[in-house]
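As a plain string of letters, each chain reads:
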Amino acid sequence: MIKVRFFASFREKLDCEQLTLEEGEYASLLSALKSQLANKGEAWREVMISERTLVAINQTMTRQDVTLQPGDEIAFFPPVTGG
């Protein structure tokens, strides 16, 4: 099982805070999981294909294509700005 979490404006845009996916329900690579989620609808596609979307796995930022492991928590969130 993995947990997929959405933060800030993504949570509102997708009307979803968290998904729990059992083994066999999700792709094994992060890039494939993003493609799988993008197929859920237009808003999902926009979030998943954006180059600005930030991704963390187990609270560690990642941009590379990684293999997902059972128990992973994948978090998607928009770029953060400060001032």
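Just above, that's the structure.
Attention here is on the structure that accompanies the text. (Residues numbered from 1 in each chain as written. Predicted model: local features only at pLDDT ≥ 70, side-chain atom pairs only at ≥ 80, totals over all residues. Heavy atoms only, no water.)

Details of the sheet that holds strand β1 (residues 2–6)
Hydrogen bonds between backbone groups are what pair the strands of a sheet, and the pairing can be parallel or antiparallel. The five strands lie next to each other as β2-β1-β5-β3-β4, forming an open sheet whose pairing is mixed. In this open sheet, the two edge strands, each paired with only one partner strand, are β2 (18–21) and β4 (60–62). Each strand axis lies, on average, 25° off the axis of its neighbour in the sheet, ignoring direction. The sheet contact formed by β1 and strand β5 (residues 73–77) spans four bridges and is parallel. Bridging from a neighbouring strand, Lys 3 pairs with Glu 73 of β5. (Pairing = 2+ DSSP bridges. Helix = DSSP H or I, 4+ residues; strand = E, 2+ residues; numbered from the N terminus. Axes fitted to C-alpha atoms, helices over the stretch in contact; angles between N-to-C directions.)

Thoughts on the pairing of strand β3 (residues 54–57)
Every second residue of β3 is oriented toward a common face, with Leu 54 and Ala 56 on one face and Val 55 and Ile 57 on the other, all of them buried. As judged from the four bridges shared by β3 and β5, these two strands associate in the antiparallel manner. Within the sheet, the bridge partner assigned to Leu 54 lies in β5 and is Phe 77. Sheet topology note: the β3/β4 ladder contains three bridges and is antiparallel. Paired with Ile 57 across the two strands is Thr 60, which belongs to β4. The antiparallel pairing of β3 with β4 creates a hairpin that spans two residues between the two strands, and Asn 58 there sits at a positive phi of about 55°. (Buried < 20%, exposed > 50% of the residue type's maximum accessible area, 1.4 Å probe, protein only.)

Points about the nonpolar core
In terms of nonpolar packing, the biggest core is built from 22 residues, with Val 4, Phe 6, Leu 37 and Phe 76 touching the most fellow members. Taken together, the elements giving at least two residues each to this core come down to β1, α1 (9–14), β2, α2 (30–38), α3 (42–49), β3 and β5. Here this core gets four residues from one element, more than from any other, and that element is α2. (Core = buried A, V, L, I, M, F, W, Y, C linked by side-chain atoms within 4.5 Å.)

A look at the pattern of salt bridges
For the structure on display, the rule yields four salt bridges. Linking Arg 11 and Glu 12 is a salt bridge whose minimum nitrogen-to-oxygen distance equals 3.6 Å. According to the relative accessible area criterion, Arg 11 is partly exposed, its value standing at 29%. Since its relative accessible area comes to 53%, Glu 12 is described here as exposed. The closest approach of N and O atoms between Glu 42 and Arg 45, which form a salt bridge, is 2.9 Å. One end of the pair is Glu 42 and the other is Arg 45, both in helix α3 and three residues apart, which spans about a single turn. Taking relative accessible area as the criterion, Arg 45 reaches 36% and is therefore assigned partly exposed. (Salt bridge = Lys/Arg side-chain N within 4 Å of Asp/Glu carboxyl O.)

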